[in-house]
Amino acid sequence: MRLAIFSFGLLISLCCSSLTLAQLPTPSPEHELLKKDLGTWAATVKMWMGADGKTDPSVEPSVSKGEEVNRMLGEFWVISNFTGEFGGMAFEGHSVSGYDSKTKKFVGNWTDSMTPAPMHMQGTYDPKTQTLTSTTTGVGMDGEATKGKSLMVYKDADHRLLSMYEIKDGKELKSMEIEYVRKK
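Residues numbered from 1 in each chain as written. Predicted model: local features only at pLDDT ≥ 70, side-chain atom pairs only at ≥ 80, totals over all residues. Heavy atoms only, no water.

**What about the packing of aromatic side chains?**
We describe a pair of aromatic rings using the distance from one ring centre to the other and the angle between the two ring planes.
Next up, step 1: Scanning the entire structure with this criterion turns up four aromatic pairs.
Next up, step 2: Where tryptophan 41 meets tyrosine 180, the ring centres are 6.4 Å apart and the plane angle is 85 degrees; that geometry is what we call edge-to-face. In this pair, tryptophan 41 sits in strand β1 (residues 39–47) while tyrosine 180 sits in strand β10 (residues 171–182), placing the two residues 139 residues apart along the sequence.
Next up, step 3: Taking the ring centre of tryptophan 41 as reference, the NZ or CZ of arginine 160 above it sits at 4.1 Å.
Next up, step 4: The aromatic ring of tyrosine 180 is capped on one face by arginine 160, whose charged end is 4.1 Å from the ring centroid. (Phe/Tyr/Trp six-rings, centres within 6.5 Å; stacked < 30°, edge-to-face > 60°. Helix = DSSP H or I, 4+ residues; strand = E, 2+ residues; numbered from the N terminus. Lys NZ or Arg CZ within 6 Å of the ring centre and 35° of its normal.)

As structure tokens, this is what we get:
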């Protein structure tokens, strides 16, 4: 076992020593935009969900509190950890977000303690409105495959607003809104 670990370490050392820093990818301006999310944020979550577990914007939203902590993984990815409660139960979520230089899209995946499948996101950023608009695919709280749209509006350095919509029969139904305030 030790020989295998040593051999693997030696292989990594040999491979890495042949690379120069000039060969490593460098962050783009889009990767710099990701840094807007860094830090610890207080979150107020509103969800519009009927008793059947399906999105219903006609009901009074449930409101809960949470906290999001975001850090960089190298220069290319933001790791996000969200904790809070939903319906009186503990809730935890995790995302990895970045920018794909080949597709020219912001990308991400979300997993949480209440859904059995990840949500995938892909979007673009509008610097005029300071809004990241993404399409989403995943599984809803009701266990059904769902498509959606999300808008993250960067109001200023310490305030963000995430609005999420489920797309049903070509219509956007508001399902969730999260107001983020940076903790000092």
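**Points about the nonpolar core**
Next up, step 1: Ranked by internal contacts, the top residues of the largest apolar core, which has 23 residues, are Phe82, Ile178 and Tyr180.
Next up, step 2: Elements with a minimum of two residues in this core: β1, β3 (77–86), β4 (89–100), β5 (105–112), β6 (119–126), β8 (145–156), β9 (159–168) and β10.
Next up, step 3: In terms of residue count, β1 provides more of this core than any other element does, four residues in total.
Next up, step 4: Ignoring sequence-local partners within four residues, the contact set of tyrosine 180 consists of Trp41, Ala42, Ala43, Glu68, Phe82, Met152, Asp158, His159, Arg160 and Leu162. (Core = buried A, V, L, I, M, F, W, Y, C linked by side-chain atoms within 4.5 Å. Buried < 20%, exposed > 50% of the residue type's maximum accessible area, 1.4 Å probe, protein only. Contact = heavy atoms within 4.5 Å.)

**Structural notes on unusual backbone geometry**
Backbone phi values are negative for most residues with the exception of glycine, while trans is the configuration of most peptide bonds.
Next up, step 1: Located in the positive-phi region is lysine 104, a residue other than glycine, with phi close to 60 degrees.
Next up, step 2: In this structure, lysine 104 sits in the loop between β4 and β5.
Next up, step 3: Backbone geometry places glutamine 130, a non-glycine residue, at a positive phi of 50 degrees.
Next up, step 4: Mapped onto the secondary structure, glutamine 130 falls in the loop between β6 and β7 (131–139).

**Let's talk about the sheet that holds strand β2 (residues 62–73)**
Strand pairing within a sheet occurs via backbone hydrogen bonds; the two strands may be parallel or antiparallel.
Next up, step 1: Spatial strand order, β1-β2-β3-β4-β5-β6-β7-β8-β9-β10: 10 strands in a closed barrel with antiparallel pairing. Strand-to-strand twist in this sheet, taken as the mean axis angle between neighbours without regard to direction, amounts to 25 degrees.
Next up, step 2: Direction of pairing for β1 relative to β2: antiparallel, over a ladder of nine bridges. In the sheet register, valine 45 faces β2, and the bridge partner there is serine 64. (Pairing = 2+ DSSP bridges. Axes fitted to C-alpha atoms, helices over the stretch in contact; angles between N-to-C directions.)

**Examining the pattern of salt bridges**
Next up, step 1: Using the criterion set out here, one finds 10 salt bridges in the structure.
Next up, step 2: Residue lysine 149 is joined to glutamate 172 by a salt bridge in which the shortest nitrogen-to-oxygen separation is 3.3 Å. Within this pair, whereas lysine 149 is found in strand β8, its partner glutamate 172 is found in strand β10, the two being separated by 23 residues in sequence.
Next up, step 3: Since its relative accessible area comes to 22%, lysine 149 is described here as partly exposed.
Next up, step 4: Relative accessible area serves as the criterion here: at 43%, glutamate 172 is assigned to the partly exposed category.
Next up, step 5: A salt bridge links lysine 184 to aspartate 158; the nearest nitrogen and oxygen atoms lie 2.8 Å apart. (Salt bridge = Lys/Arg side-chain N within 4 Å of Asp/Glu carboxyl O.)

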